[in-house]
Amino acid sequence: MLILGSFVVSAFKKTGNDSGGPHPLKLIIPSGFPAPQYTFTGNPLTQEGFELGRKLFYDGRLSKDGNFPCASCHQQFASFATYDHATSHGFNNQFTIRNAPGLFNLAWNKEMTWDGGITNIEVQPLMPIAAPNEMAETVNNILSKLRQDNEYKKMFKAAFGNETINSQRMLYAITQFVCSLVSADSKYDRVKKGLATFTQEQQNGYALFQTKKCTSCHPEPLFTDHSFRNVGLPVDPYLSDYGKMRITHNPQDSLKFKVPSLRNVALSFPYEHDGRFSSITSVLDHYSSTVQDGPTLDPLLKNKIPLTNTEKYYLVEFLKTLTDSTFIKDSRFSPPQ
Amino acid sequence: MKLITPRYFNFPKLFIGLLFFAAVFSCQKELHFDKAPENDHNIILKFKPVVQYDSIPLVFGKTYTNYFKEKYTPTAFKFYVHAFAMINVDSNKVFRTASDKYYLVDFADSASTEIKIAILPYVYNRISFTIGVDSAQNVSGGQTGALDPAKGMFWNSTDGYIMAKLEGTSSAGNFQYNIGGFQGANNVIKTVTLLFPYAQNLDLKPGKTSEMFITADANDWFYNPHDIKISANPVITTPGLLATQVAENYSKMFTVDSVANQ
């Protein structure tokens, strides 16, 4: 009886593997990183789910005219920001209103977008999809396009067990892909592991990064505390973008925007929520001299951050070590064949 | 009793045996999936859109007049309901349905206006339900069923779901009331308790199905206790004071028109 039992068990296990069920993947948590915010609860990370998400991410059919896949504003070589664009291009020759953020280490994000308007990453794609100046498409139209494609039927089946194509599965798959975009192999990371050493300039910059209290808002290892702050940028009269207040309607949130991660910062220019600064040096110039006072200005910036030109140079040299050149060339994240 | 002789007291084999039983049990569970559930429902709630004291049926594309003599032509009228309870105020008996099952009543989609639920057979004289989407579901990520974002009722932001929608045209141009908000003072989630018409009780008998007709009066959106004039506020599409006022108005829009017991 027991021998028979073991026989059946092994047979059962085997059929479990052979039946083509999705192959579980584990999110790689780089050493020193805290526990991620998104834990794949209810949306287990699998090879097939990831591949489906990747295909969707690069598929123009998610936009109204076919020209604006997620990847049109989130380019891998720019750490999934829009390279050299203050704001990005969307449907019908329109501009977006904000600078496209780089997509990496998103599983550690608490709130999405510059104003924190989205609290669950699964529904984040719905915003650019619906925005008339971005992808300008409806979820129902996308689903009917996907349902006509046998390749998608196969991939949804492989990822979720049957050919049903619905919004939840589409969002789950995209979430699996974007949350897998982990970037933690910059020179800085290799120095931390003892595999590389900073040059003297980089080391000076790293020391200044601490002493000038950059770490209050950009703490290692994620280089953001995920908070929302007013860094004293005068409001653009044409955009009239008051940041988090748009969501909370609370005057205390006026002009507060999300603190971005400084990882891959050298790739993600131009900077700030509206891309007003084209170089890291311009950002440092702002912090050292043009911070505008106001009722919601971050207290840490009341006296600005005085920096000499030499200090700015060292800081930039350090910030360049946060570029993850492995990440931007990782073929797992590039367009599917 | 041979099994407990020392020769068989072998931990690896016992473990395998246990695994075997676990495997059998998990297999059995899956087999039960195909079984059709019995008594899937015993009451059908039929929602009907009306205007003016519940007397005039509302038809999309036709023009009606609100309390302020403003003419309006509705093009969309929908709302979320869930957490039904049947109550007998005489015996204090209350039967509640699961509160996590949501329904989007959309008067453009007749199938969605009939809600089939299962209630413990008894005599009831009140019905209560919640209009809106509870806060947890507003921040729960990708969902299916009535809460599927493909239904066009999700705002894609901390604002969560649009809980009720009334849209159309008026002499003042298009009007759009997308009412939502679930946080703090902006909360528009409402629970209503409705009386049944005089001498009509819901008398559920085992094995029988009853029907209840509930009217939803679009005119109530504009008046009592708050004055909402289309000319002054043609667009209410963000949470806030106006949205909470409209929600307070529309929470009074439901009337149990009749109850038909089988």
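About the cut-offs
- Residue positions are counted from 1 within each chain, in the order its sequence is given.
- As a convention, the first chain written is A and the first ligand written is 1, with the rest following in written order.
- At least 70 in pLDDT is required for a residue's local features to be given in this predicted model, at least 80 for side-chain atom pairs to be given and counted, and no such filter applies to totals for whole chains, interfaces and linings, which use all residues.
- Hydrogens and water molecules were not included; the side-chain quantities draw on all heavy atoms of the structure.
- Under the DSSP-based scheme used, a helix requires at least four consecutive residues in state H or I and a strand at least two consecutive residues in state E, with every element numbered from the N terminus.
- The cut-offs for exposure are 20% and 50% of the maximum accessible area for each residue type, with area from a 1.4 Å probe on protein chains only; residues under the lower value are buried, those over the upper are exposed, and the others partly exposed.
- The criterion used for residue contact is that any of the two residues' heavy atoms lie within 4.5 Å.
- Using the Shrake-Rupley algorithm and a 1.4 Å probe, accessible areas are obtained, with residue cover drawn only from the displayed protein chains.
- Atoms counted for the radius of gyration: C-alpha only. Globule rule: 2.2 Å times residue count to the power 0.38.
- In this charge count, Lys and Arg are treated as positive and Asp and Glu as negative; neither His nor the chain ends contribute.
- A single reference atom marks each charge: NZ on Lys, CZ on Arg, CG on Asp, CD on Glu.
- The domain boundaries here were taken from an automatic or database domain assignment.
- Buried area: the accessible surface (1.4 Å probe) lost by two parts on joining, summed over both.
- A side-chain nitrogen of Lys or Arg and a carboxyl oxygen of Asp or Glu constitute a salt bridge if their distance falls within 4 Å.
- Disulfide assignment relies on a single distance test, namely cysteine sulfur atoms paired within 2.5 Å.
- Paired strands are those between which DSSP finds at least two bridges.
- Nine residue types can take part in a nonpolar core, namely buried Ala, Val, Leu, Ile, Met, Phe, Trp, Tyr and Cys, and a core is a set of them joined through side-chain atoms within 4.5 Å.
- Axis lines are fitted to C-alpha atoms, over the contacting stretch for helices. Their N-to-C directions set the angle, which ranges from 0 to 180 degrees.
- Roughly parallel covers angles under 35 degrees, roughly antiparallel covers those over 145, roughly perpendicular covers 65 to 115, and oblique covers all other angles.
- Note that Gly is not counted as nonpolar here; it falls among the polar residues with everything else outside the nonpolar set of Ala, Val, Leu, Ile, Met, Phe, Trp, Tyr, Cys and Pro and the charged set of Asp, Glu, Lys and Arg.
- In this scheme Phe, Tyr and Trp rings, the latter by its six-membered ring, pair at centre separations within 6.5 Å, and the angle between planes marks the pair as stacked below 30 degrees, edge-to-face above 60, and tilted otherwise.
- Working rule for helices: expected span equals 1.5 Å times residues minus one.

1. What about the overall build of chain B?
The helix and strand inventory of chain B stands at three helices and 16 strands. Expressed as a percentage of its 262 residues, the buried residues of chain B come to 47%. For chain B, contacts bridging at least 24 residues in sequence account for 72% of all contacts bridging at least 6. Total accessible area computed for chain B in this model is approximately 13400 Å², and 55% of it derives from carbon and sulfur atoms.

2. Some thoughts on the overall build of chain A
The number of helices and strands found in chain A is twelve helices and four strands. Expected size for 337 residues packed as a compact globule is a radius of gyration near 20 Å; at 22 Å, chain A falls within 12% of this value. Projecting the C-alpha coordinates of chain A onto the three principal axes gives extents of approximately 80 × 50 × 35 Å. Among the 337 residues that make up chain A, the fraction classed as buried is 53%. For chain A, the share of sequence-separated contacts (at least 6 apart) that also reach a separation of at least 24 residues comes to 67%. Counting only carbon and sulfur atoms, one obtains 56% of the accessible surface of chain A, whose full area is about 15700 Å². Both charge centroids of chain A, one from 34 positive and one from 31 negative side chains, sit 4 Å from each other.

3. Here we look at helix H11 (residues 280-290) of chain A
Among the residues making up H11(A), those that are buried are A:Ile280, A:Val283, A:Leu284, A:His286, A:Tyr287 and A:Ser288. On its buried face, H11(A) sits against helix H12 (309-320) of chain A.

4. Structural notes on unusual backbone geometry
Residues and elements named next belong to chain A. In this model, Glu-220 is joined to Pro-221 through a cis peptide bond whose omega is -5°. For Pro-221, the position within the fold is in the loop between helix H9 (200-211) and strand E3 (228-229). A cis geometry characterises the amide bond from Phe-269 onward to Pro-270, with omega recorded as -10°. Of note, Pro-270 is situated in the loop between strand E4 (257-258) and H11. At Thr-113, a residue that is not glycine, the phi angle is positive and equals roughly 70°. With respect to the helices, strands and loops of the structure, Thr-113 is situated in the loop between strand E2 (94-95) and helix H4 (126-130). Relative accessible area serves as the criterion here: at 16%, Thr-113 is assigned to the buried category. Unlike most non-glycine residues, Phe-223 shows phi in positive territory, near 60°. Note on Phe-223: relative accessible area 0%, which makes it buried.

5. Section: the environment of A:Thr323
Residue and element names in this part refer to chain A. In this fold, Thr-323 is placed in the segment after H12. A relative accessible area of 18% means that Thr-323 is categorised as buried. Residues Thr-323 and Asp-189, 134 residues apart in the sequence, show an inter-C-alpha distance of 9.8 Å. In this view, Thr-323 contacts Ser-186, Lys-187, Asn-264, Ala-266 and Leu-267; residues no more than four positions away in its chain are not counted.

6. Notes on the domain arrangement of chain A
Residue and element names in this part refer to chain A. The assigned domain composition of chain A is domain 1 (2-183 + 327-333) and domain 2 (189-320). Contacts between the two partners involve 32 residues from domain 1 and, on the opposite side, 26 residues from domain 2. Summed over both sides, the interface between domain 1 and domain 2 buries roughly 2400 Å², with carbon and sulfur atoms accounting for 57% of that surface. For the pair domain 1 and domain 2, the interface holds one salt bridge. With a closest N to O distance of 2.6 Å, Asp-241 and Arg-98 form a salt bridge.

7. Considerations on the state of the cysteines
Considering all chains together, one arrives at zero disulfides over all chains under this definition. The thiol of A:Cys214 is unpaired, and the distance to the nearest cysteine sulfur, on A:Cys217, comes to 8.9 Å.

8. Concerning the pairing of strand E11 (residues 173-180) of chain B
Residue and element names in this part refer to chain B. Of the strand pairs in this sheet, strand E10 (residues 162-170) and E11 are connected by eight bridges, and their pairing is antiparallel. Within the sheet, the bridge partner assigned to Leu-166 lies in E11 and is Tyr-177. The hairpin formed by E10 and E11 contains two residues between the paired strands.

9. Points about the nonpolar core
Counting 115 residues, the largest nonpolar core has B:Leu45, B:Phe79, B:Ile127, B:Phe129, B:Met212, B:Trp221 and B:Phe254 as the members making the most contacts within it. Residues in contact with B:Phe129, not counting those within four places in the same chain, are B:Phe47, B:Val81, B:His82, B:Ala83, B:Phe84, B:Lys190, B:Thr191, B:Val192, B:Leu194, B:Ile214 and B:Phe254. Within the second largest apolar cluster, 29 residues are counted, among which are A:Leu262, A:Phe277, A:Val283 and A:Leu284.

10. Here we look at the packing of helix H2 (residues 47-57) of chain A against helix H7 (residues 167-179) of chain A
Residue and element names in this part refer to chain A. Put simply, H2 and H7 touch, their axes get as near as 7 Å, and they point 95° apart. Considering their axes alone, H2 and H7 lie roughly perpendicular with respect to each other. Facing Gly-49, Phe-50, Leu-52, Gly-53, Arg-54, Leu-56 and Phe-57 of H2, the residues of H7 in contact are Met-170, Ala-173, Ile-174, Gln-176, Phe-177 and Val-178. Its residues assigned to classes, the contact of H2 with H7 shows nine nonpolar, three polar and one charged.

11. A word on the pattern of salt bridges
Side chains carrying opposite charge are able to pair once their charged atoms draw close together. All chains considered together, the criterion is met by 23 salt bridges over all chains. Residues A:Arg263 and A:Asp189 are paired through a salt bridge, measuring 2.8 Å at the closest nitrogen-oxygen approach. Taken together, the residues span a long stretch of sequence, with A:Arg263 in the loop between E4 and H11 and A:Asp189 in helix H8 (residues 187-192) at a distance of 74 residues. A relative accessible area of 1% places A:Arg263 in the buried class. Residue B:Lys46 pairs with B:Glu114 through a salt bridge whose shortest N-O separation is 3.8 Å.

12. Some thoughts on the packing of aromatic side chains
Residue and element names in this part refer to chain A. Evaluation of the coordinates by the stated rule reveals 50 aromatic pairs over all chains. A ring pair is formed by Phe-177 and Phe-333, whose centres lie 6.4 Å apart and whose planes are at 75°; its orientation type is edge-to-face. Of this pair, Phe-177 sits in helix H7 while Phe-333 is found in the segment after H12, placing the two residues 156 residues apart along the sequence. Note on accessibility: Phe-177 and Phe-333 belong to one class, buried. An angle of 80° between the planes, with centres 5.0 Å apart, marks the rings of Tyr-188 and Phe-223 as edge-to-face. Here the residue Tyr-188 occupies a position in helix H8, and Phe-223 occupies one in the loop between H9 and E3, the gap between them amounting to 35 residues. As far as the burial class goes, Tyr-188 and Phe-223 line up, both buried.

13. Here's the deal with H9(A)
Residue and element names in this part refer to chain A. For H9, spanning twelve residues, the distance from its first C-alpha to its last is 16 Å, which sits close to the expected 16 Å at 1.5 Å a residue. For H9, the secondary structure elements touched by its buried residues are H8 and H12. The positive-phi residue at the C-terminal boundary of H9 is Lys-213, with phi of around 60°.

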